[in-house]
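Next come the chains, spelled out residue by residue.
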Amino acid sequence: MFSVAVIEDPAAAEVSLDPVRARLLAELAEPASATMLAARVDLPRQKVNYHLRALEKHGLVELVEERRKGNVTERMMRATASSYVISPAALGAVQPDPAQSPDRLSARWLLAVAGRLVRDVGLLITGAAKAKQRVATFALDGEVRFASAADRAAFAEELTAAITALVGKYHDETAEKGRPHRVVVAVHPSVPEEAAGGA
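Within any chain, residue numbers begin from 1 and follow the written order of that chain's sequence. Note on the predicted model: pLDDT of at least 70 is required for a residue's local features to be given, and 80 or more for side-chain atom pairs to be given and counted; whole-chain, interface and lining totals, by contrast, use all residues. Working from all heavy atoms in the structure, the side-chain values ignore hydrogens and water.

As recorded in an unreviewed UniProt entry, the protein chain goes by the name Helix-turn-helix domain-containing protein, listed as coming from Amycolatopsis australiensis.

> Any chance you could explain the packing of helix α2 (residues 19-27) against helix α4 (residues 45-57) here in plain terms?
A packed helix pair is summarised by two numbers, namely the angle formed by the two axes and the spacing between the axes. Contact pair α2 / α4: the axes reach a minimum separation of 10 Å and the direction vectors enclose 80 degrees. Looking at the two axes, α2 sits roughly perpendicular to α4. Together, Val-20, Arg-21, Leu-24 and Leu-25 of α2 and Val-48, Tyr-50, His-51, Ala-54 and Leu-55 of α4 make up the contact between the two elements. Under this scheme, a helix contributes an axis fitted over its contacting stretch, all axes are lines through C-alpha atoms, and angles between N-to-C directions fall in the 0 to 180 degree range. Helix numbers and strand numbers start at the N terminus; a helix is a DSSP run of H or I with at least 4 residues, a strand a run of E with at least 2. With respect to orientation, any angle under 35 degrees is reported as roughly parallel, any angle over 145 as roughly antiparallel, any angle of 65 to 115 as roughly perpendicular, and every other angle as oblique. Note on definitions: a residue-residue contact is assigned when non-hydrogen atoms from the two residues lie within 4.5 Å.

> Got a minute to help me understand the pattern of salt bridges in this structure?
Close approach of charged atoms allows side chains with opposite charge to pair. Take a side-chain nitrogen of Lys or Arg and a carboxyl oxygen of Asp or Glu: if they are within 4 Å of each other, that pair is a salt bridge. Evaluation of the coordinates by the stated rule reveals 8 salt bridges. For the salt bridge of Glu-27 with Arg-40, the shortest nitrogen-to-oxygen distance reads 3.4 Å. Linking Glu-27 in helix α2 with Arg-40 in helix α3 (residues 34-41), this pair joins segments that are 13 residues apart in sequence. Using a 1.4 Å probe on the protein chains alone, a residue whose accessible area is under 20% of its type maximum counts as buried, one over 50% counts as exposed, and one in between counts as partly exposed. Overall, the relative accessible area of 36% leaves Arg-40 in the partly exposed class. Linked by salt bridges that have partners in common, Arg-23, Glu-27 and Arg-40 make up one network.

> Please explain the nonpolar core as it appears in this structure.
The nonpolar side chains of a soluble globular protein tend to be buried with one another. Within the largest apolar cluster, 21 residues are counted, with the highest numbers of intra-cluster contacts made by Leu-28, Leu-37, Val-48, Leu-52 and Leu-55. Of all the elements in the fold, those that place two or more residues in this core are α1 (10-17), α2, α3, α4 and β3 (72-79). Beyond its immediate sequence surroundings of up to four residues, Leu-55 is in contact with Val-15, Arg-21, Leu-24, Leu-25, Leu-60 and Val-61. Only buried residues count toward a nonpolar core. Its members are Ala, Val, Leu, Ile, Met, Phe, Trp, Tyr and Cys residues joined through side-chain atoms within 4.5 Å.

In structure tokens, the structure reads:
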């Protein structure tokens, strides 16, 4: 089971967004059968089976084992990941495009950049999984409290200068075996965990 999986297929995204199926995915952090799930979510076993088949068809749950109980074979299922992110690629032609009206100070542009990040990393993960390789990535996540808008603006200027200097130092256009990497740095107001759906 992966800690996070990216859903790129529009049909899989639609299946995962159904409230009952989303609940079943959450319940399937540990293997369970349709009978076990039916008791937990207060639905008939047949209905749970119907939803499990839809989730399995789109690779969101997987068969862990089959147990024989008398004349019945009980299928133990598990979610393929602990959590899921829906890629903007699932939106096809209406996915966000950061190339349209780039504006370093626009929250909407930041969202488009973040969407591209999810899409790109999702594609990299999918390709790496098929090739049985790892993806070389790096991320920083932190929080800073600014005393004023002027401090925030000064921070943005210094950060821009530092990143520009690092890119200038390490970027090698002539490296024949070099591989381009995208650098994304974002600064935005923090969202309390309660508002983000945590806790």
